[in-house]
Amino acid sequence: MLILVVNAGSSSLKYQLLNMDDESVIAKGNCDRIGIGGHIAHKTHDGRTVDMDCDFPTHTEAFEKLVEVLTTGDASVIKSMDEISAVGHRIVQGAEIFDKTTLVTDEVIQQIDDLQDLAPVHNHPHALALWACKKVLPENVPQVVVFDTAFHQTLSEKAYMFGLPYEDYEKYHVRKYGFHGTSHRFVSAALAEAMGKDIKDLKIVSCHLGNGSSITAVQGGKSIDTSMGFTPLDGVVMGTRTGSVDPSAVTFVAEKHGFNTKQMSDYMNKKSGFLGVSGVSSDNRDISGAAAHGDKRAKLVSEMLIYEIKKYIGSYAAAMNGVDAVLFTGGIGENASEVREGVCADMDFFGIKIDNELNKTIHGELKKISTADSKVEVWVVPTNEELLIARDTLELVSKK
């Protein structure tokens, strides 16, 4: 069975075509610069490529080009879209409406679009991509939506509520939603399998670290708390995002700069974090390089990130009454050994000890990096959100 996985952004449309018989990737690519020109980069499992500028006024044209490169030309992998059994979509915000993977209908697409106030950068483009797929796909090909927020719908009220007047929750749905749920669900299950344990018996702190980062407490296979909040801005310091900030600092800075709310939001989401503090880059690789060469602000960013992650591990150990394992995933989590080493240093009180020499050799592979006498296991677990979306899609369409 072939399943196409689609991940739409405001100006991009990433995709993978998977053969679910062996879960192999047949082809993958990205249509980007939608609305401001257009470009497609496409690669097949055997190395054939398409790399060209295109005209993508909307997501519809991008999806049409995706279909074209999959089915025609030197880098095609199927003869027609009839060979695809289903399409699975990653959706960032499902709010309290969607707590599980869902089959797409016109009503579902409209509900996703109606949630754009809660995820303005993501949900409207997701809806556009869903309409584009519906327009281009054969009618018999089902579409499925997998929500980033769904995994965190198990948070208790005491964990997701803010100290704002309750009416703001009732009227405007202001609460913690959490994100990266698809990744946290995948890696926590993969870790349980690697440990040879039933996930229902485990207390895991999952650290998804990348340009956007979130830490999640997973107890018995369920999310009980997570660092991102109402939006992906909350939590630890990130590539261009502030992470948690005193709200009074926000209003103070906005007043000093003369920012309106949108300008302040852009300032906190796009000009802060690693980039804003270091003045060097939003990329952790650049930050690490600059810090190694003595750049004090770059070093400060690294220290801030490590310190904040440590605090979340400690608080989640308290929330779960213990921790069995800590995992690192995402671009930074899987590849930045110095971040993993820094986070796990001086954590003897929690029973966390890692093999620093082994840790330095691990890049993007599933591996335990804790020592034999470490009471808490520490692992690097590569994430694969596309595969999880494909699995969810397969499971749901198989029930039809």
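Below is a summary of the structure that appears in this document. (Residues numbered from 1 in each chain as written. Predicted model: local features only at pLDDT ≥ 70, side-chain atom pairs only at ≥ 80, totals over all residues. Heavy atoms only, no water.)

This part takes up empty space enclosed by the protein. Inspection of the entire model under this criterion finds one cavity of 30 Å³ or more. For the lining of the largest cavity, the per-class residue count stands at seven nonpolar, no polar and one charged. (1 Å grid on protein atoms, 1.4 Å probe; cavity = no way out; pocket = protein on both sides within 12 Å on 5 of 7 lines; lining within 4 Å. Points joined across faces, edges and corners; volume = space filled by probe spheres on them. Nonpolar A, V, L, I, M, F, W, Y, C, P; charged D, E, K, R; others polar.)

On to the pairing of strand E2 (residues 12-19), then. The buried count for E2 comes to seven of eight residues, which makes it a mostly enclosed element. With seven bridges connecting them, strand E1 (residues 2-8) and E2 associate as antiparallel partners. Directly across from Val-6, in E2, lies its bridge partner Tyr-15. Of the strand pairs in this sheet, E2 and strand E3 (residues 24-32) are connected by eight bridges, and their pairing is antiparallel. Bridge pairing in E3 places Asn-19 opposite Ser-24. Hairpin connection between E2 and E3: a loop of four residues separates the two successive antiparallel strands, and Glu-23 in this loop has a positive phi of roughly 60°. (Buried < 20%, exposed > 50% of the residue type's maximum accessible area, 1.4 Å probe, protein only. Helix = DSSP H or I, 4+ residues; strand = E, 2+ residues; numbered from the N terminus. Pairing = 2+ DSSP bridges.)

Our next topic: the nonpolar core. Judged by nonpolar contacts, the single largest core of 37 residues is most densely connected at Val-205, Ile-215, Ile-309, Val-326 and Val-339. Put simply, the parts of the chain that give this core at least two residues each are strand E9 (203-208), strand E10 (214-219), helix H10 (284-292), helix H11 (296-320), strand E12 (325-329), helix H13 (337-344) and strand E14 (377-380). Apart from the residues within four sequence positions on either side, Val-339 is in contact with Leu-209, Asn-284, Leu-305, Ile-306, Ile-309 and Ile-332. Cys-31, Cys-54, Ala-132 and Cys-133 belong to the second-largest nonpolar core, a separate cluster that totals 31 residues. (Core = buried A, V, L, I, M, F, W, Y, C linked by side-chain atoms within 4.5 Å. Contact = heavy atoms within 4.5 Å.)

Okay, the pairing of E1 next. For E1, the buried fraction is high: seven of the seven residues fall into the buried class. Remark: three residues form the turn of the hairpin made by E1 and E2, two consecutive strands paired antiparallel. In the sheet, E1 pairs with strand E6 (residues 84-91) via five bridges, with the strands oriented parallel. Along E6, the bridge assignment pairs Val-6 with His-89.

Let us look at the environment of Ala-317. For Ala-317, the position within the fold is in helix H11. Under the relative-accessibility criterion, Ala-317 is labelled buried at 8%. In the structure, Ala-317 is positioned 114 residues away from Lys-203 in sequence and 8.3 Å away in space, judged by C-alpha atoms. Excluding residues within four positions of it along the chain, Ala-317 makes contact with Gly-322, Val-323 and Phe-350.

Below, the discussion takes up H10. Within H10, the full set of buried residues consists of Asn-284, Ile-287, Ala-290 and Ala-291. The arc enclosing the buried residues of H10, seen along the axis, measures out at 125°, which places them on a common side. Residues of H10 that are exposed and point more than 90 degrees away from the buried face comprise Arg-285 and Ala-292. For H10, the secondary structure elements touched by its buried residues are helix H9 (273-278), H11, helix H12 (330-335) and H13. Looking one or two residues past H10, Gly-294 carries a phi angle of roughly 95°, positive in sign. (Arc of directions from axis to C-beta.)

It is worth spelling out the state of the cysteines at this point. The tally for this structure, following the rule as stated, stands at zero disulfides. Here Cys-31 is not cross-linked by a disulfide; its sulfur's nearest cysteine counterpart is in Cys-54, at 7.1 Å. (Disulfide = S-S within 2.5 Å.)

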